[in-house]
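One-letter residues, chain by chain:
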Amino acid sequence: MQPIEQKYAHLGELLQAMGKIVVAFSGGVDSAFLLKAALDHLGSERVLAITADSETYPAREKEEAFALAKELNAPHQIIHTSELAIPGYADNPTNRCYFCKNSLFDHLIPIARERGYDYVVFGAIADDLGDHRPGLQAAHEQGVRAPLLEAGILKSEIRHMSREFGLRTWDKPSFACLSSRIPYGEKITAHKLSMIDRAEDFLIQLGFRQVRVRQHDNLARIEVPASRLGEVLAVADTVHVKLKEIGYAYVTMDLQGYRSGSLNEVLVHDKRSTGEGLAASTELARKGS
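This structure is a prediction, so every number in the text was calculated from the model and none was measured.

(A) Summary view of the pairing of strand S6 (residues 219–223). Counting buried residues in S6 gives 4 out of 5 residues, a clear majority hidden from the surface. For strand S5 (residues 212–216) and S6, the ladder comprises 5 bridges, and the chain directions are antiparallel. Counted as the bridge partner of Gln215 is Ala220 from S6. In textbook terms, the turn of a hairpin is the stretch between consecutive antiparallel strands, and for S5 and S6 this stretch comprises 2 residues, one of which, Asp217, has a positive phi near 60 degrees. Taken together, the 4 bridges between S6 and strand S7 (residues 250–253) define a ladder with parallel strand orientation. Residue pairing across strands places Ile222 opposite Met253, the latter belonging to S7.

This is the structure in structure tokens:
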């Protein structure tokens, strides 16, 4: 395994070879680190961060992205998109993220071309290889690069280097769009997304930084790290009342605790759901190597 220093040097070489880039910037751990690295290696005159604001993106995340870009002195633009307007997206198929990323890149690529940027890049990482990541297929098809993945950088290494570089996102909880809280096959609606957003905001305000509210019809399934399950139980009455007020008929807690992509556990990993994504992921990883 390559030392972190070698991977970061390789990342720098990849970025410098790209010229001018647009960074798909959500404000999360990975995209913040990618933006920081791009600014350090290319300078602000050759980097543009773009954040897509939509129904699936919580307002707290948009505010965080705006603040982070300002702290990094990065040129930053917020555009407005709507995943629910994408044909087929609201039906919530297992390749939902393909539709989302494909639409995002459809927005970013024309902006990049119009303003003279050579590439659009996004924050996929080496940990994504082999996981259920349909968005990687969309990136492969549209020629969007994933420099962190290409350099073989892992999430743990991103957190370590982010801390070294003074990025306050180094210990930020992992984030995924609000649609990821709704089981595949269940219709995605603006009302459901709003309910999930309000419920998670409430739990975050109670001090649970890493939290998911998975919505199963009219039931809320709360995920927090297993070590904090007791803390949720200690405020169970408060949580129950608030989530019922939001609109849930039933409020439950997942005894297994938080884990990323728990709704993927029910997927049948056939060739269509994983093989094509892995092939695209591997191709992305080879670029620039």
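(B) Highlighting the confidence of the model for the chain. Looking at the chain as a whole, the pLDDT averages 91, with 89% of positions reaching at least 70. Contacts for the low-pLDDT stretch residues 268–282, under 50 throughout, to residues beyond four places or in other chains number 19 contacts.

(C) A look at the sheet that holds S7. Read across the open sheet, the 3 strands follow the order S5-S6-S7; overall the sheet is mixed. In the strand order of this sheet, the two ends are held by S5 and S7, each with one partner. For this sheet the average axis-to-axis angle between neighbouring strands, irrespective of direction, equals 25 degrees. Contacts from helix H8 (residues 190–205) reach S5 and S6, with the element oriented near 145 degrees to S5.

(D) Main features of the packing of aromatic side chains. Tallied over the entire structure, the rule returns 5 aromatic pairs. Seen in terms of ring centroids, Phe33 and Phe165 are 6.1 Å apart; in terms of plane orientation they differ by 5 degrees. Their pairing is stacked. Highlighted residues: Phe33 in helix H2 (residues 29–42) and Phe165 in the loop between helix H7 (155–164) and H8, separated in sequence by 132 residues. Taking relative accessible area as the criterion, Phe165 reaches 33% and is therefore assigned partly exposed. Through successive ring pairs, a cluster of aromatic residues spans Tyr8, Phe33 and Phe165. Seen from the ring of Tyr119, Arg145 lies directly overhead, with NZ or CZ sitting 5.2 Å from the centre. A cation over a ring is seen here: Arg163 above Trp170, with NZ or CZ 4.2 Å from the ring centre.

(E) Fine view of the state of the cysteines. Scanning the model with the defined rule gives 0 disulfides in all. Left without a disulfide partner, Cys100 is nearest to the cysteine sulfur of Cys177, which lies 5.6 Å away.

(F) Molecular detail of the nonpolar core. Leu11, Ile21, Val23, Phe25 and Leu35 are the most contacted members of the largest nonpolar core, which totals 33 residues. Within the residue set of this core, elements represented by two or more residues are helix H1 (4–18), strand S1 (21–24), H2, strand S2 (47–53), helix H3 (59–71) and H7. Those residues in contact with Leu11 that sit more than four places away from it in its chain are Phe33, Ala37, Pro147, Leu148, Ala151 and Ile153.

(G) Structural context of the side chain of Glu223. Its place among the elements puts Glu223 in strand S6. A distance of 3.1 Å separates a polar atom in the side chain of Glu223 from a polar atom in the side chain of Arg214.

(H) Region of interest: H7. What H7 keeps buried is the set Glu157, Ile158, Met161 and Ser162. Looking down the long axis of H7, one finds its buried residues gathered within 135 degrees of arc, a one-sided arrangement. More than 90 degrees from the buried face of H7, the exposed residues found are Ser156 and Arg163. Phi turns positive, to about 80 degrees, at Gly166, one or two residues after H7.

Procedures and definitions
Residues numbered from 1 in each chain as written. Predicted model: local features only at pLDDT ≥ 70, side-chain atom pairs only at ≥ 80, totals over all residues. Heavy atoms only, no water. Buried < 20%, exposed > 50% of the residue type's maximum accessible area, 1.4 Å probe, protein only. Helix = DSSP H or I, 4+ residues; strand = E, 2+ residues; numbered from the N terminus. Pairing = 2+ DSSP bridges. pLDDT = per-residue confidence, 0-100. Contact = heavy atoms within 4.5 Å. Axes fitted to C-alpha atoms, helices over the stretch in contact; angles between N-to-C directions. Phe/Tyr/Trp six-rings, centres within 6.5 Å; stacked < 30°, edge-to-face > 60°. Lys NZ or Arg CZ within 6 Å of the ring centre and 35° of its normal. Disulfide = S-S within 2.5 Å. Core = buried A, V, L, I, M, F, W, Y, C linked by side-chain atoms within 4.5 Å. Polar contact = N/O pair within 3.5 Å; in protein donor to acceptor, adjacent residues only side chain to side chain. Arc of directions from axis to C-beta.

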